[in-house]
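Coordinates in review
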Amino acid sequence: MPDTPPTAVPLPKTTPQSLKTPRFLSLRTITALVLREMESTYGRQPGGYVWAVLQPIGMIVLLSLAFGILVNKPPLGTSFIFFYAIGYLPFDMYGSLTSKISAALNYSHSLLSYPRVTWMDAILARFILTVLTQVTVFCIVVISIMMLYETHSHFQLIPVMQGLGMAATVGLGVGLMNCMLSGLFPVWTTIYGILSRPLFLASGVLFLPDHMPRGVQEVLWWNPLIHIIGLVRRGFFPTYDASFVSLYYGYGFGLVLIVIALIFLQAYYKKILQL
């Protein structure tokens, strides 16, 4: 008896629509949200991106002039403007990320009614644009100062990248926590505003933690921004040891906050959007 051929199993038809996997749809959505953010933040004001550079420059110049009158020389190097620039710019990156991520859901509230736009897309879009903007500003300002002034510095890429990466991680973690807490408890926005006011003075922007009394150093160590700024300064001044810096603590602090915030946002983001 001859063998009968096996019955052919029909394959599913492949259509262009079926090739659009959720991954690519999400990538297109995030890209569109980034472009929307660029237009709304920088495209509607005269000068656009120029202000993203001029604002930190103005703050750095004011700090340099004020403390240049009071102090004979900066704690590191010979340039006040350079010392404060490599302290203020990482702090500004953290602050910008925290502010942007905290308001991400409210900012994109109207778009989240579309099925293809998720709360994670809104957060990632703001995170990506803010990091790219802040890193660009950091490079422009620091390179310009090094070309205009004698800084007696020696650039090392790895510590600077570690410091900026830590600033991005901690900024994202704190921003997500604020997004979640302020969404569930609106009073948290006011509480955080009060708690965060001393951060500028307690983060090592204006001083070196190594020069503080031992008891003060032990308290300041718990502030992750101390580690961020210490890493960046180590990257420009190889003789500056910054022995207090801990990569494990800095990155761990940010990652723990990110995980906790994402768990709660996944569970309560609908409730947050309804408030």
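Quick caveat: nothing in here was measured; it's all calculated off a predicted structure.

When helices and strands are counted, the protein shows twelve helices and zero strands. Summarising the internal contacts of the protein: among those between residues at least 6 apart in sequence, 77% fall at separations of at least 24. Counting every atom, the protein has about 15,800 Å² of accessible surface; 69% of that belongs to carbon and sulfur.

So, on to helix 11 (residues 224-236). Summarising burial for helix 11: twelve of the 13 residues are buried, a large majority. Listing the buried residues of helix 11 in full gives Pro224, Leu225, Ile226, His227, Ile228, Ile229, Gly230, Leu231, Val232, Arg233, Gly235 and Phe236. Elements in contact with the buried residues of helix 11: helix 4 (80-102), helix 6 (119-148), helix 7 (157-184), helix 9 (199-202), helix 10 (214-220) and helix 12 (247-274). Where helix 11 starts, the residue carrying a side-chain oxygen 3.0 Å from the main-chain nitrogen of Leu225 turns out to be Asn223.

On to the confidence of the model for the protein, then. A residue-level look at the protein finds 88% of positions with pLDDT of 70 or above and a mean pLDDT of 85. Across residues 1-21, where pLDDT falls below 50, the model places four contacts with residues more than four positions away in sequence or in other chains.

Let us look at the pattern of salt bridges. Going through the model one piece at a time under the given rule, you end up with three salt bridges. Across the salt bridge formed by Glu37 and Arg126, the nearest N and O atoms sit 3.1 Å from each other. With Glu37 in helix 2 (residues 22-42) and Arg126 in helix 6, this residue pair connects regions lying 89 residues apart in the sequence. Each member of the pair, Glu37 together with Arg126, is buried. Here Arg214 and Glu218 are joined by a salt bridge, their closest N and O atoms 3.7 Å apart.

Conventions we followed
Residues numbered from 1 in each chain as written. Predicted model: local features only at pLDDT ≥ 70, side-chain atom pairs only at ≥ 80, totals over all residues. Heavy atoms only, no water. Helix = DSSP H or I, 4+ residues; strand = E, 2+ residues; numbered from the N terminus. Contact = heavy atoms within 4.5 Å. Areas by Shrake-Rupley, 256 points an atom, 1.4 Å probe, with all protein chains shown as cover. Buried < 20%, exposed > 50% of the residue type's maximum accessible area, 1.4 Å probe, protein only. Polar contact = N/O pair within 3.5 Å; in protein donor to acceptor, adjacent residues only side chain to side chain. pLDDT = per-residue confidence, 0-100. Salt bridge = Lys/Arg side-chain N within 4 Å of Asp/Glu carboxyl O.

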